[in-house]
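A closer look at the structure
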Amino acid sequence: MKPNFSLFICFVCFLTLQQLHLPCFAQDFDFFYFVQQWPGAYCDSRQSCCYPKTGKPAADFGIHGLWPNYKSGGWPQNCNPDSEFDESQISDLLSNMQTEWPTLSCPSNDGVKFWTHEWTKHGTCAESELDQHDYFHAALKLKQKANLLHALSNAGIKPNDEFYGLREIKKAIEEAIGFTPGIECNKDSSHNSQLYQIYLCVDTSGAEFIECPVLPHGRCDSRIQFPKF
Ligand code: U2P
């Protein structure tokens, strides 16, 4: 009797989802990581770096991605193989994408490969909240709102190859944005720990910064280098 009843409930749920036109792949998530990378650290490491076809990016943080995440730690990925990256949906954003979300991978390219990867792996897991245009637009707006380089330079922290306290860097960003960031480091060829990526947490609408439910493990020393670019 009981198993049949569960089956019936499942069937009713399925019919309701169909009525609401909710896709069956709809996957929930708890918050976004908005991740920005410092090009000086990407290039000054063991991995190779190539400037985009449009030329050397500005000495500023570049967007890496807007990643749906779970409070428990993990994250969904590659949620909808049928949803392809479509440049025509973001044609009004492309010139901003080139300056704010530049690719640094080799061989040199125009960025479409990077944006396709980010959409396919991460963006498709947020489609219940943001369509493709909204997703990329949200990331561009967050970059402007965070203005990380300004927050750091206001506190005297500049990309000049000097070393700064990890706590000092976190404090400068917290004072400017109101929330504690996650900091990820990598190593240069002399094994110096350097500022590589900054993680800010964002609500599921993609518009508001929030306190991070969980912070990534950053692999940083207590003093880290802010390399020139
Ligand atoms: O950390 C290495 C790579 O794992 C992916 N990552 C990491 C943390 C997280 O919360 N979500 C996530 O996707 C990133 O992969 P990418 O988007 O670059 O392919 C990250 O670079």
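Residues numbered from 1 in each chain as written. Predicted model: local features only at pLDDT ≥ 70, side-chain atom pairs only at ≥ 80, totals over all residues. Heavy atoms only, no water.

1. Let's talk about unusual backbone geometry
Note: most residues except glycine have negative phi, and most peptide bonds are trans. Quick reminder of the rule: Think of it this way: any DSSP run of H or I at least four residues long counts as a helix, any run of E at least two long counts as a strand, and we number them from the N terminus. The buried label goes to any residue with under 20% of its type's maximum accessible area, the exposed label to any with over 50%, and the partly exposed label to all in between, with areas taken from a 1.4 Å probe on protein chains only.
Going from Cys 106 to Pro 107, the amide bond is cis rather than trans, its omega being -5°. Topologically, Pro 107 is positioned in the loop between α3 (94-100) and α4 (112-121). We note that Asn 147 has phi near 40°; this positive angle belongs to a residue other than glycine. Relative to the elements of secondary structure, Asn 147 occurs in the loop between α5 (132-146) and α6 (148-154). On the accessibility criterion, Asn 147 (40% relative accessible area) is partly exposed. The residue Arg 219 is not glycine, and still its phi comes out positive at about 55°. Mapping Arg 219 onto the fold places it in the loop between β6 (209-210) and β7 (223-225).

2. Describing the site of the ligand
To keep things clear, this is the line we draw: Nearness is defined per residue: one heavy atom within 4 Å of the molecule or strand is enough. Counting of polar contacts relies on pairs of N or O atoms within 3.5 Å, with two restrictions inside protein: one atom must be capable of donating a hydrogen and the other of accepting it, and residues adjacent in sequence are counted only when both atoms are side-chain atoms. Per-residue and other accessible areas were derived by the Shrake-Rupley procedure at a 1.4 Å probe size, with only the shown protein chains allowed to occlude residues. Whether a set of points on the 1 Å grid over the protein atoms alone is a cavity depends on a 1.4 Å probe fitting there but being unable to get out, while an open set qualifies as a pocket with protein on both sides within 12 Å along at least five of seven lines; lining residues are those with an atom within 4 Å of a point. Throughout, a molecule is located in a cavity or pocket provided that more than half of its atoms lie within 2 Å of its grid points. Asp, Glu, Lys and Arg are counted as charged, while Ala, Val, Leu, Ile, Met, Phe, Trp, Tyr, Cys and Pro are counted as nonpolar; the rest, among them Gly, fall into the polar class.
Around the ligand, the neighbouring residues are Tyr 33, His 64, Trp 67, Asn 69, Trp 75, His 117, Glu 118, Lys 121 and His 122. Within the side chain of His 64, an N or O atom sits 2.7 Å from an oxygen atom of the ligand. In this structure, an oxygen atom belonging to the ligand sits 2.6 Å away from a side-chain N or O atom of His 117. Bound to the protein, the ligand loses 70% of the 440 Å² it would expose on its own. The pocket occupied by the ligand, as judged from atoms lying within 2 Å of grid points, is the largest pocket. Secondary structure elements with two or more residues in the shell around the ligand: β2 (62-69) and α4. Residue classes in the shell around the ligand are distributed as three nonpolar, four polar and two charged.

3. Quick notes on α5
Definition in use: Here, expected helix span is obtained from the residue count minus one, scaled by 1.5 Å.
Here α5 is 15 residues long and its end C-alpha atoms lie 22 Å apart, about the 21 Å a rise of 1.5 Å per residue gives. Every buried residue of α5 is listed here: Gln 132, Tyr 135, Phe 136, Ala 138, Ala 139, Leu 140, Leu 142, Lys 143 and Ala 146. Where α5 begins, the side chain of Asp 131 points an oxygen toward the backbone nitrogen of His 133, at a separation of 3.2 Å. A positive backbone phi angle near 40° is found at Asn 147, which sits one or two residues after α5.

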